[in-house]
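One letter stands for each residue in the lines below.
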Amino acid sequence: MARPAVHRIVRHPAGWRRRDWLSWAALGLLVPAAAGAQGHHPPLVAVLVYTGLHALDYMRQGLRELGFVEGHTVDFAFRSADGHPRELPGLARHLASLKPAVLFCAGPAAVDAAVHATSSVQIVALDLETDPLRSGLVRSLERPRTNVTGLFLDQPALAGKWFELLRLALPKAQRVELLWDASTGPWQLAAAKAAAQKLQFDVDTLVVRDEGEFAQKLADGMSRKPEALVLLSSPLVRARSKDIAEFCVRQRLPGMSPFVDFTQAGGLMSYGPDVRDFYLRAAAFVDKILKGARAEDLPLLMPSQFQQVINLRAAEQLGLALPPALLASAMQVVR
């Protein structure tokens, strides 16, 4: 069956919610796309996210850099759950019903919703929290043999580095709170607990299930008088990086995050991926599928180069004398 005529959205019409936007090109007033007017439908890239708009922005940028012209050689459909994971299954089914050439998913909750919605649509995942083998998303890192491929991380190695850096900064600390988004699944949490135990940290877990729970959970965690807060990775946590950093500043609480946004907003340290770069790498997977490759044959990418950033001003406010070796290992020092 032919796909309905494609429209561009140039402005946010009254009464629409952001997560309901169907975006085939720029955001805005509904006007017929040139390709649709001519009866030619470019391949459709569907984008599903837990929260935010950056996934669509980066994917569009990445495909532009690879030579695609929006509205002529590629179109986009976009859905965001706006931080409400229960909405993802319905959004995934809707996007799958559009018969896209590829469905790009950012975050484990979006990936999980997509794989339950379709076994035929090619899925490119950007998932920084899931173990792709143990979760059953793929059968092999080199040849997935499912409809899923994309970018993942080595959770034990990354979590181990967080706690190594934290131990260097806080040699006598014991009590640490882990901030964990339950929608990310158990793999990252298990890796973080194992890494903490190895370096003799006692950990408790603050569990959040949607963005409305952050303030109360953080307040609850302070009742246990933690000596540090470790943010486990999730799209929702990344979106709240500034708020969490400001909380840490008010509470005089050292924090470690995977995301540089946290450190730039006043948090003590971050160690993790350059998220923008990962999205652009994901665009290369989409490009290959649009040119005929199958997800089942595309090896997963598990990058191992990460950004280490230290906020020296935060360290001084906390009264921490960071060792020279720790400062020397940082890619960036915020002063």
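This write-up is about the structure you can find in this document. (Residues numbered from 1 in each chain as written. Predicted model: local features only at pLDDT ≥ 70, side-chain atom pairs only at ≥ 80, totals over all residues. Heavy atoms only, no water.)

## Looking at the overall build of the chain
And then number 1: Looking only at helices and strands, the chain features 13 helices and 14 strands.
And then number 2: Per-residue burial for the chain yields a buried fraction of 55% across its 335 residues.
And then number 3: A total accessible area of about 14,600 Å² is found for the chain, and carbon and sulfur atoms account for 52% of it. (Helix = DSSP H or I, 4+ residues; strand = E, 2+ residues; numbered from the N terminus. Buried < 20%, exposed > 50% of the residue type's maximum accessible area, 1.4 Å probe, protein only. Areas by Shrake-Rupley, 256 points an atom, 1.4 Å probe, with all protein chains shown as cover.)

## Section: the pairing of strand 12 (residues 269-272)
And then number 1: Residues of strand 12 alternate between two faces, with Met269 and Tyr271 on one and Ser270 and Gly272 on the opposite face, all of them buried.
And then number 2: Where strand 11 (residues 255-257) and strand 12 come together, 2 bridges link them in parallel fashion. Its bridge partner lying in strand 12, Ser257 is registered against Ser270. (Pairing = 2+ DSSP bridges.)

## Overview of the pairing of strand 5 (residues 102-106)
And then number 1: Within strand 5, 5 of the 5 residues are buried, which leaves it mostly tucked inside the rest of the structure.
And then number 2: On strand 5, burial covers both faces: Val102, Phe104 and Ala106 on one face and Leu103 and Cys105 on the other are all buried.
And then number 3: Across 5 bridges, strand 3 (residues 44-49) lies against strand 5 in parallel orientation. Counted as the bridge partner of Leu48 is Cys105 from strand 5.

## A few points about the sheet that holds strand 7 (residues 148-151)
And then number 1: One open sheet holds the 5 strands; their spatial order is 4-3-5-6-7, and the pairing between them is parallel. Every interior strand has two partners, whereas the edge strands, strand 4 (75-80) and strand 7, have only one. Averaged over all neighbouring strand pairs, the angle between strand axes comes to 20°, with direction disregarded.
And then number 2: Helix-sheet contacts for helix 2 (residues 54-65) involve strand 3, strand 4 and strand 5, and the interaxial angle to strand 4 is about 160°.
And then number 3: On the sheet, helix 11 (residues 275-290) packs against strand 3, strand 5, strand 6 (123-126) and strand 7 and is oriented at approximately 150° with respect to strand 7. (Axes fitted to C-alpha atoms, helices over the stretch in contact; angles between N-to-C directions. Contact = heavy atoms within 4.5 Å.)

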